[in-house]
Amino acid sequence: ETALDAAFFVRWMTAAATVIDREATRLTELDSAIGDADHGTNMQRGFAAVVKTVAEGEPPATPGAVLVAAGRQLISSVGGASGPLYGTLLRRAGKALGEAAEVSPEELRAALDAGVAAVGQLGGSAPGDKTMLDALVPGVAALTTSFDAAAEAAGEGASATVPMQARKGRASYLGARSIGHQDPGATSSALLFAALAEVAK
Ligand code: ADP
Ligand code: MG
Ligand code: MG
């Protein structure tokens with residue numbers, strides 16, 4: 001079974017920053033339809049800060065430490081709702097990994113599962129509310145199969161937010177007018193899984 005070390009997690013965060021940079025305009029366009037047109041720039045700023053912290057300085061020694069540092073950085077550098085939510089996801093997952101030098105894909109899945117539960121608690125949200133959880137929950141569930149399956153499931157989860165009416169976040173202010181647009185946070189969550197699948201190859 002594959003062992004994932006701290007360097008793997010640094011590569012994941014770096015790949016995430018790259019794909020977010022590439023898709024930032026699209027994320028902001030999605031957020032301009034049902035939010036305040038800042039999701040792309042929020043995520044860009046946050047993940048640029050994450051890369052600075054985990055890849056450009058002294059790298060954290062364990063997988064858990066990489067995720068905790070990344071999560072803290074997102075919380076402190078992103079003003080929007082997505083900063084504390086993604087920050088909580090990564091920090092909680094990092095804490096769940098503890099101090100192990102290497103973790104298995106199953107340990108990563110369980111840790112992300114704990115992180116996703118913490119997001120739902122912080123946001124008072126659940127799948128079906130048209131949020132990042134609609135991509136995160138199926139993505140994490142499919143990690144039992146493979147990283148590729150998780151990326152695919154998260155992408156499908158993001159697409160499935162199109163017909164939903166938002167019940168949480170800014171998009172919920174639009175009521176029924178939020179229907180017909182893909183949720184920006186679910187879209188960026190799918191990108192995080194795409195980055196994970198890419199670095200696992
Ligand atoms: P803001 O809405 O503060 O401008 P962003 O635009 O960066 O923040 O992020 C918006 C995304 O955050 C939404 O598309 C949604 O996926 C996610 N989100 C907002 N509120 C919640 C919540 N309560 N629970 C889970 N996700 C949420
Ligand atoms: Mg926004
Ligand atoms: Mg905002």
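Computed from a prediction, not measured in an experiment: that's the story for all the values here.

Chemist: Describe the site of ligand 1, and please don't skip the residues or the numbers.
Modeler: Inspection of the region around ligand 1 gives 24 residues, with G80, G123, T131, G169 and G185 positioned closest. Residue assignment for the shell around ligand 1 shows that the elements contributing at least two residues are α2 (39-56), α4 (82-97), α5 (105-123) and α8 (184-200). Per-element tally for the shell around ligand 1: the top contributor is α8, with three residues. Taken together, the residues of the shell around ligand 1 sort by class into seven nonpolar, 11 polar and six charged.

Chemist: Requested: an account of the environment of V162, with residues and values cited.
Modeler: With respect to the helices and strands, the residue V162 is situated in the loop between α7 (147-159) and α8. Ignoring anything within four residues of it in the chain, the contact list for V162 reads G180, H181 and Q182.

Chemist: Quick one: what's the story with the environment of A16, residue by residue and with numbers?
Modeler: Relative to the elements of secondary structure, A16 occurs in helix α1 (residues 6-34). In contact with A16, other than residues within four places in its own chain, are F47, L191, L192 and A195.

About the criteria used
Residues numbered from 1 in each chain as written. Chains lettered and ligands numbered in written order. Predicted model: local features only at pLDDT ≥ 70, side-chain atom pairs only at ≥ 80, totals over all residues. Near = placed C-beta within 6 Å. Helix = DSSP H or I, 4+ residues; strand = E, 2+ residues; numbered from the N terminus. Nonpolar A, V, L, I, M, F, W, Y, C, P; charged D, E, K, R; others polar. Contact = placed C-beta atoms within 7 Å.

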